[in-house]
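Survey of secondary and tertiary structure
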Amino acid sequence: MLSRENFVFTIGYDGPAAVVDKQALLKYGALSTRELAEKGLFRAAYSSAIYSKDPEEMGVVVDVYNKTAGASYTVSSQLDRLFGVFPVEVSRSIAL
């Protein structure tokens, strides 16, 4: 299983390996889900919420996104499609 940081900054997959944005990981890897969302890094924040499996974190992402974008999404909306994040089981990563 990938670490939280690698999952949050995964930008794609190369066969059985996650491709991780090394620059973003180094710059933002220590931020919480809320901090990522407040910085406008919604894809990363959403990934962090998925990884945590904490409904409260998902609510934070939706609330901050709705305020920023003037949207009205809910936690039950199709957020995977909105942010382009789908949980995939891989055990290794490549940092670029």
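Summary of the structure given here. Being a predicted model, the structure only gives us computed values, none of them experimental.

1. Some remarks on the overall build of the protein chain
- On a plain count of helices and strands, the protein chain comes out with six helices and three strands.
- Order of helices (α) and strands (β) in the protein chain, N terminus to C terminus: α-β-β-α-α-α-α-α-β.
- Against the compact-globule benchmark of 12 Å for 96 residues, the protein chain has a radius of gyration of 13 Å, which places it among compact chains.
- Taking the principal axes of the C-alpha coordinates as reference, the protein chain spans close to 35 × 25 × 20 Å.
- Of all 96 residues assigned to the protein chain, the portion counted as buried reaches 40%.
- The long-range fraction of contacts in the protein chain, counting pairs at least 24 apart against all pairs at least 6 apart in sequence, stands at 55%.
- Across the protein chain, the mean location of the 10 positive side-chain charges is 5 Å away from that of the 11 negative side-chain charges.

2. Let's talk about the pattern of salt bridges
- Inspection of every chain in the model, using the stated rule, returns one salt bridge.
- Where Glu 38 meets Arg 34, a salt bridge forms, and the shortest distance between an N and an O atom there is 3.7 Å. Taken together, the positions of Glu 38 and Arg 34, both in helix H3 (residues 33–38) and four residues apart, correspond to about one turn of that helix.
- Using a relative accessible area of 42% as the deciding quantity, one classes Arg 34 as partly exposed.

3. Description of the packing of aromatic side chains
- Evaluated as defined, the whole model comprises five aromatic pairs.
- Geometrically, the ring pair formed by Phe 42 and Tyr 65 is edge-to-face, given 5.1 Å between the ring centres and 90 degrees between the ring planes. Taken together, the residues Phe 42 in helix H4 (residues 42–52) and Tyr 65 in helix H5 (residues 55–69) connect sequence positions 23 residues apart.
- Using a relative accessible area of 18% as the deciding quantity, one classes Tyr 65 as buried.
- In this structure an aromatic cluster arises from ring pairing among Phe 42, Tyr 46, Tyr 65, Tyr 73 and Phe 83.

4. Regarding unusual backbone geometry
- Backbone geometry places Lys 53, a non-glycine residue, at a positive phi of 60 degrees.
- Tracing the chain through its elements places Lys 53 in the loop between H4 and H5.

5. Observations regarding a nonpolar patch on the surface
- There is a patch of nonpolar side chains on the surface, built from Tyr 13, Phe 86 and Val 88 and spanning about 270 Å² of accessible area.
- One can find Val 88 in the loop between helix H6 (79–83) and strand S3 (92–95).

6. A short note on the side chain of Ser 48
- By the element assignment, Ser 48 lies in helix H4.
- Given a relative accessible area of 2%, Ser 48 falls into the buried group.

7. Topic: the environment of Leu 82
- Tracing the chain through its elements places Leu 82 in helix H6.
- On a C-alpha basis, the gap between Leu 82 and Arg 43 in space is 8.8 Å, while along the polypeptide they are 39 residues apart.
- Leaving out residues up to four positions away in the same chain, Leu 82 has contacts with Tyr 65 and Tyr 73.

8. Quick word on the nonpolar core
- Counting residues in each nonpolar core, the largest one holds 26 residues, and the members touching the most others are Phe 9, Leu 36, Tyr 46 and Phe 83.
- Ignoring any residue separated from it by four or fewer positions in sequence, one finds Phe 83 in contact with Phe 42, Arg 43, Tyr 46, Val 61 and Tyr 65.

Calculation criteria
Residues numbered from 1 in each chain as written. Predicted model: local features only at pLDDT ≥ 70, side-chain atom pairs only at ≥ 80, totals over all residues. Heavy atoms only, no water. Helix = DSSP H or I, 4+ residues; strand = E, 2+ residues; numbered from the N terminus. Rg over C-alpha atoms; globule rule 2.2 N^0.38 Å. Buried < 20%, exposed > 50% of the residue type's maximum accessible area, 1.4 Å probe, protein only. Contact = heavy atoms within 4.5 Å. Lys, Arg positive; Asp, Glu negative; His and termini not counted. Charge placed at Lys NZ, Arg CZ, Asp CG, Glu CD. Salt bridge = Lys/Arg side-chain N within 4 Å of Asp/Glu carboxyl O. Phe/Tyr/Trp six-rings, centres within 6.5 Å; stacked < 30°, edge-to-face > 60°. Patch = residues over 30% accessible without salt bridge, like charges linked within 9 Å, V, L, I, M, F, W, Y side chains within 5 Å. Areas by Shrake-Rupley, 256 points an atom, 1.4 Å probe, with all protein chains shown as cover. Core = buried A, V, L, I, M, F, W, Y, C linked by side-chain atoms within 4.5 Å.

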